[in-house]
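# Observations on chain architecture
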Amino acid sequence: MTKEIVRWLNSFSIRISSNYLRLRLESHPDYPSLLSVQDTLEELGIECYACSGTIQQLSLESKPFLAHLNTNGGQIIYCNSLEDAQKRVKNFDTHWSGNVMLIEKQGQIQNTVHDNFRNKEWRYKLFLWVAIALIAAILLILPILNHDYLLLLLTLSCMTGLYISWLIVQKEFGVANDLSERLCSMIKQSHCEAVLNTRGAKILNWLTWSDIGIVFYSASLLILLVSQLLHQPITIFATISVIALLFPFYSVYYQWKVVKQWCTLCLGILIVLVFNSLVLTFLFTWEDSYAVLRASFLKETFTITIAGIIAFSVWQLIKSSYHKNLMTLNNEIKVLRLKRNPHIFNSLMEKQEAKNANLPETNEAIVYGNSSAPTKLVIACSPFCGPCVKAHQAIDSLYEKFPHIIQVAYRFALESNSDNNRKTLIAKEIIKAAKQNPFDAMRDWFKLQDLEQFQQLYGKTKDIDVSFDINTHLNWCTEAKIDSTPTVFLNGRSLPITYSWSEFIEILGYKLKNVA
């Protein structure tokens, strides 16, 4: 699903981190529904909406869209048009659920965490492609300069075999790749996963034929490079490559008679093997090869052995690191999915002690919303607290969406009631302004965070004494043991220690949306 959404957003020139999108999307409580897609994209500032319609109405849609299918437990695909959808999915009209998602307003992503993910991915891809380009240049430039077209053909074919082997490894790890998907769908009876997940695809529990392919082709490239640098013959390598022709017979028989399915990627590896063998059979100079072999047997054997050990060792390290990174992301998704589950949050909240002191009071200094609302929030904050600004913006957004089912109260975490304390002085000014309009007063302060500008909006109200309110806040903070801001209480209960305020706001938004 992630790949489809990334392609859809790219069609609108919206660049997104695939890892961040997958993390947020697959951990959503309603994944894999269109609602999970909408919530995730709105979190990134991308305005979109889901709607229902008929095939006739969909045929009139001119913009790319996401279509929801009833296959595989709920599948989402990206389509440029109805014609494109019908080409991509056989019997689309039957499988389509009638729901699509469209971009409402095109814009750029504004999310700091996402930007960090995307920058990290961009740097990784840049360094990877630079490394690949340098290695490819080193491998190809020598046979070109030496006009050795035999080695050039062998180098190109081994590079192709190495890339196809990598595509197979990605398949085994369940990583989607557009090219491998297209290759695997070329033949009607092609089902790459059915072949790769069988016993015959493994030599040992930890060693597969794709590992052998990676090691064989990378070692071959090392051998060809060394042979050019040291002007060393490749007689043993040529012999091994020709003997390797036996493997295609086994592989074809296994796919044809045993599994009765074809793996297009596996067939690609076999084609490269056959090509290498044919090139060596017809272009390699076999005359006097026995004499050459006797003269250079030890050198060639040493080169092949060292190349094989290096290729095998490096590949095992790369494979282990790649698998670890995949598992890390998968584990993050599992943990986050649990934390974002409203049922788990509710069960943890019920274990928290409920106190009337942590509920909005009738004479609360700063409170707004419906006094009979089922959701009551009390937030301990500080006038110059950076996270408090973000928390207020998030709560402000929720309140504007659900004003009838939420009540919000703010209490200041201060050191004293003295006007010599700048925080206390500002807190008094905010409370005075909040006596007139609590919602606007809090919004304006956290927007401005400048006393002079704030007083220009609300004036200097020296005749109002709010010392009692400040003392109430001081006493409450001591009783509630407020040691950091913002600290949020829901219906008189403190949040479970495993949840941050931002995670709570996200779950609360999800719950309020379902209630509304």
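For the structure itself, consult the block above.
These numbers come from a predicted model, not from an experiment.

Moving on to the pattern of salt bridges. In the structure shown here, the tally under the stated rule is 17 salt bridges. Note that K171 and E181 form a salt bridge whose closest N and O atoms lie 3.0 Å from each other. Here E181 lies in helix α9 (residues 178–184) and K171 lies in helix α8 (residues 149–172), a separation of 10 residues in the sequence. Between K428 and D419 there is a salt bridge whose closest N-O contact spans 2.6 Å. With a relative accessible area of 9%, K428 lands in the buried category. Several salt bridges share partner residues, and in doing so they unite R24, E43, R340 and E506 into one network.

The tendency in soluble globular proteins is for nonpolar side chains to be buried as a group. Ranked by internal contacts, the top residues of the largest apolar core, which has 47 residues, are I366, L377, Y410 and F504. Those residues in contact with F504, other than ones at most four positions away along the chain, are F345, L377, V488, L490 and L495. Listed in part, the 43 residues of the second largest apolar core include L221, I223, L225 and A307.

Right, let's get into unusual backbone geometry. Across the junction of Y31 and P32, the peptide omega takes the value 10 degrees, indicating a cis bond. Here P32 shows up in the loop between α2 (18–26) and α3 (34–43). Residues T485 and P486 are joined by a peptide bond in cis, for which omega reads -5 degrees. Along the polypeptide, P486 turns up in the loop between α21 (467–480) and β10 (487–490). Unusually for a residue other than glycine, K260 sits at a positive phi of about 60 degrees. Here K260 lies in the loop between α13 (246–259) and α14 (264–283). On the accessibility criterion, K260 (61% relative accessible area) is exposed. The backbone of K481 sits at a positive phi, close to 60 degrees, despite the residue not being glycine. Structurally, the position occupied by K481 is in the loop between α21 and β10.

Disulfide: a covalent bond formed between the sulfur atoms of two cysteine residues. Applying the stated rule across the entire model yields 1 disulfide. Sulfur-sulfur distance for the disulfide between C184 and C192 comes to 2.2 Å. Taking the sign of the torsion about the S-S bond as the criterion, the disulfide between C184 and C192, at about -105 degrees, is left-handed. In this model C48 remains outside any disulfide bridge; the closest cysteine sulfur is found in C51, 11 Å from its own. This cysteine, C158, is not joined by any disulfide, and C266 carries the nearest cysteine sulfur, 18 Å off.

What counts, and where the lines are drawn
Throughout, residues of each chain are indexed from 1 in the direction in which the sequence is written. With the structure being a predicted model, the display of local features is reserved for residues of pLDDT at least 70 and the display and counting of side-chain atom pairs for 80 or more, all residues being used for whole-chain, interface and lining totals. Each side-chain value is derived from all of the structure's non-hydrogen atoms; neither hydrogens nor water enter the calculation. For this analysis, a salt bridge means a side-chain nitrogen from Lys or Arg found within 4 Å of a carboxyl oxygen belonging to Asp or Glu. The secondary structure listing takes helices from DSSP runs of H or I that are at least 4 residues long and strands from runs of E that are at least 2 residues long, numbered from the N terminus. Exposure is judged per residue with a 1.4 Å probe applied to protein chains only, and the accessible area is read against the type maximum: over 50% gives exposed, under 20% gives buried, and values in between give partly exposed. Only buried Ala, Val, Leu, Ile, Met, Phe, Trp, Tyr and Cys residues count toward a nonpolar core, and they belong to the same one when joined by side-chain atoms within 4.5 Å. By definition in these notes, contact holds between two residues if any of their heavy atoms fall within 4.5 Å. What counts as a disulfide here is a pair of cysteine sulfur atoms lying within 2.5 Å.

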